[in-house]
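# Tertiary structure, described
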Amino acid sequence: MNRGVYHNTFFRIMFALVLFFALPKLVFVLLQFFFSWKTAIVVPVLIQAVFFYGIFFGWRRIVVRTAVCESRLLPKSFDGYRILQFSDLHLGTFRQNPKFIKSLVEIINEQKANLIVFTGDLVNIHAEEVRPFLSDLSSLSALDGVYSVMGNHDYCEYGMDAAREKNARNVNHQLSKAERNQRVLQYLETKMGWRMLMNEHVNISRLRREDGVIKSESIAIIGVENTGTPPFKDMGNLPKAMEGLVPGTFKVLLSHDPTHWRREVLKQTDIALTLSGHTHAGQLKIGKFSPAKWAYNEWGGKYVEGESMLYVSLGLGGTVPFRFGAWPEVNVITLKRKA
């Protein structure tokens, strides 16, 4: 455990040194070929100012973003239904800053959403990162509960011990440290009152009176394990998760990696709303630009094609406590019935 913490601490220190010194110096040297040193130094100073703010202040600035999902498939009794999504907590990053998690829980509960969903990456490298925050995260409350899915970090394969054990199970077929961590993580989420969806779905029902007759209507919340492209794990099984669902049911898919939407959801299913995270928008966003757009077609916010909508949360944490422009966020999606 300590080795993993030291490894992360070392990584953060190196990241800060690169941002504050190495990158600005490199930019300054390059600009000197084209401008005087007085002009060339402006950009490196701006870079340092951005990263100074991002490391010391930006990662604390939680914002609430809203969006609307319109669908003809939505039952009348769910018109106006509010889903709160949060994603990519990376709890190990906040070991020394527990007030951030307390503030987050307060902000989430203040939204009074009908349903709360978490779209993966609860930890960095180890399930034990959750324990200091068990009480706070257990306080999350919504009428229809809290649901979650696994992100790539939740498989706990990025720590040094797990990396050494990878592909090296012993002859007694004992669980690896990563697998034990996964089971502990699932147990801790259950203890917090969260329901982790592992390639499965649940139905949420409402009763509605029409012409003196009481009707039962429902929507489906589908959750898959992480479904990504290399080097990220691909453990999801969407067909299995949708087994038994009636075509035309309003469906909400929780899938950590937004690339899943184009690969298997869009134009291949009638899933109306997909909620993802994973990209963090590179934890850097200036105007409409983010380095995440170099790696992902859909990296942040709302995307709609036909009758299908994807919402990509920029998330809350990261292995490095830095954010600029891509402020930590929670997302409230309101469902609207389209006439």
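Whatever comes next refers back to the structure up there.
Let me sum up the structure you'll find in this document.

Cut-off values and rules
- Positions within a chain are numbered from 1, following the residues in the order the chain's sequence is written.
- For this predicted model, a pLDDT threshold of at least 70 governs which residues receive local features, and a threshold of 80 or more governs which side-chain atom pairs are given and counted, while totals over whole chains, interfaces and linings are taken from all residues.
- Remark: hydrogens and water are excluded; side-chain values derive from all non-hydrogen atoms of the structure.
- For each structure, a 1 Å grid was placed over the protein atoms alone; sets of points admitting a 1.4 Å probe that cannot get out are labelled cavities, open sets with protein on both sides within 12 Å along at least five of seven lines are labelled pockets, and lining residues have an atom within 4 Å of a point.
- Grid points are joined across faces, edges and corners, and a volume is the space filled by probe spheres set on the points.
- Charged means Asp, Glu, Lys or Arg here, nonpolar means Ala, Val, Leu, Ile, Met, Phe, Trp, Tyr, Cys or Pro, and polar covers whatever is left, Gly included.
- We define the nonpolar core as a collection of buried residues of types Ala, Val, Leu, Ile, Met, Phe, Trp, Tyr and Cys that are connected through side-chain atoms lying within 4.5 Å of one another.
- We call a residue buried when its accessible area falls under 20% of the maximum for its residue type, exposed when it is over 50%, and partly exposed in between, using a 1.4 Å probe and counting protein chains only.
- Per the convention used, a helix needs a DSSP run of H or I reaching at least four residues, while a strand needs a run of E reaching at least two, with both numbered from the N terminus.
- The contact criterion used is simple: two residues touch if any of their non-hydrogen atoms lie within 4.5 Å.
- Strands pair, by our definition, only if DSSP identifies at least two bridges between them.
- Each axis is a line fitted through C-alpha atoms, and for a helix only the stretch in contact is used; angles between axes span 0 to 180 degrees, taken between their N-to-C directions.
- Only residues above 30% relative accessible area that lack a salt bridge enter a patch, with like-charged residues linked at up to 9 Å and the nonpolar side chains Val, Leu, Ile, Met, Phe, Trp and Tyr linked at up to 5 Å.
- To be clear on the numbers: accessible area is Shrake-Rupley with a 1.4 Å probe, and residue cover counts the displayed protein chains and nothing else.
- Whenever Lys or Arg places a side-chain nitrogen within 4 Å of a carboxyl oxygen from Asp or Glu, that contact is recorded as a salt bridge.
- Two N or O atoms count as a polar contact when they lie within 3.5 Å, although within protein this holds only if one can serve as hydrogen donor and the other as acceptor, and sequence-adjacent residues are included solely when both atoms are side-chain atoms.
- When the centres of two rings from Phe, Tyr and Trp lie within 6.5 Å, Trp using its six-membered ring, the rings pair. Their planes under 30 degrees apart give stacked, over 60 give edge-to-face, and anything left gives tilted.
- The rule is short: NZ of Lys or CZ of Arg within 6 Å of the ring centre and within 35 degrees of the ring normal puts a charge over the ring.

### Quick word on empty space enclosed by the protein
Using the criterion set out here, one finds 1 cavity of 30 Å³ or more in the structure. Of the volumes computed, that of the largest cavity is approximately 40 Å³. Lining the largest cavity are W59, T93, F94, Q283, L316, G317, G318, V320, P321, F322 and R323. The class makeup of the residues in the lining of the largest cavity is 6 nonpolar, 4 polar and 1 charged.

### Considering the nonpolar core
The biggest cluster of nonpolar side chains holds 34 residues, and the ones touching the most others in it are F86, L89, L122 and L137. Secondary structure elements with two or more residues in this core: β2 (82–86), α4 (98–110), β3 (115–118), α5 (134–137), α7 (177–191) and β12 (329–337). At 6 residues, α4 tops the list of elements feeding residues into this core. Look past the residues within four positions of L122 in its chain and what remains in contact with it is L89, H90, L91, V130, D154, L185, E189, M192 and W194. One finds V117, I204, I333 and L335 within the second-largest nonpolar core, a separate group that totals 25 residues.

### Quick word on the pairing of strand β7 (residues 213–223)
Relative to β7, strand β6 (residues 200–210) runs antiparallel, the two sharing 11 bridges. Its bridge partner lying in β7, E200 is registered against G223. Hairpin connection, β6 to β7: the antiparallel pair is bridged by 2 residues, and D211 has positive phi, about 55 degrees. Bridge analysis of β7 against strand β8 (residues 251–254) gives 4 bridges, and the strand direction is parallel. Bridged to I221 within β8 is V252.

### Notes on the sheet that holds β6
Within a sheet, adjacent strands bond to each other through the backbone by hydrogen bonds, running parallel or antiparallel. Taken in spatial order, the 6 strands make up an open sheet running β6-β7-β8-β9-β11-β10, and their pairing is mixed. Because the sheet does not close on itself, it has two edges, and the strands there are β6 and β10 (301–305). Pairwise comparison of adjacent strand axes, ignoring direction, gives a mean angle of 20 degrees for this sheet. Relative to strand β11 (residues 308–312), β10 is paired through 5 bridges, and the arrangement is antiparallel. Counted as the bridge partner of G301 is V312 from β11.

### Focus: a nonpolar patch on the surface
On the surface, a nonpolar cluster with roughly 520 Å² of combined accessible area is contributed by L30, F33, F34 and F35. As for its placement among the helices and strands, L30 is situated in helix α1 (residues 2–31).

### Some points on the environment of T93
Tracing the sequence through the fold places T93 in the loop between β2 and α4. For the pair T93 and T319, spaced 226 residues apart in sequence, the C-alpha separation works out to 6.0 Å. Only 2.4 Å separates the side chain of T93 from the backbone oxygen of G318, close enough to count as a polar contact.

### A look at the packing of aromatic side chains
Considering all chains together, one arrives at 15 aromatic pairs under this definition. Feature note: the residues F52, Y53, F56, F57, F324 and W327 constitute an aromatic cluster, connected by ring pairs. One Lys or Arg, R61, reaches over the ring of W327 and ends 4.2 Å from the middle of that ring. The ring of Y155 is capped by K233, whose NZ or CZ atom sits 5.3 Å from the centre of that ring.

### Quick word on the sheet that holds strand β5 (residues 194–196)
Spatial ordering of the open sheet is given by β1-β12-β2-β3-β4-β5, a layout of 6 strands whose pairing is mixed. Here the strands that pair on one side only, and so sit at the sheet edges, are β1 (63–71) and β5. When the angles between neighbouring strand axes are averaged without regard to direction, this sheet yields 25 degrees. Pairing analysis gives 4 bridges linking β2 to β12, with the strands arranged antiparallel. Directly across from Q85, in β12, lies its bridge partner N331. Strands in contact with α4 are β1, β2, β3 and β12; relative to β12, the strand with the most contacts, it is inclined by about 15 degrees.

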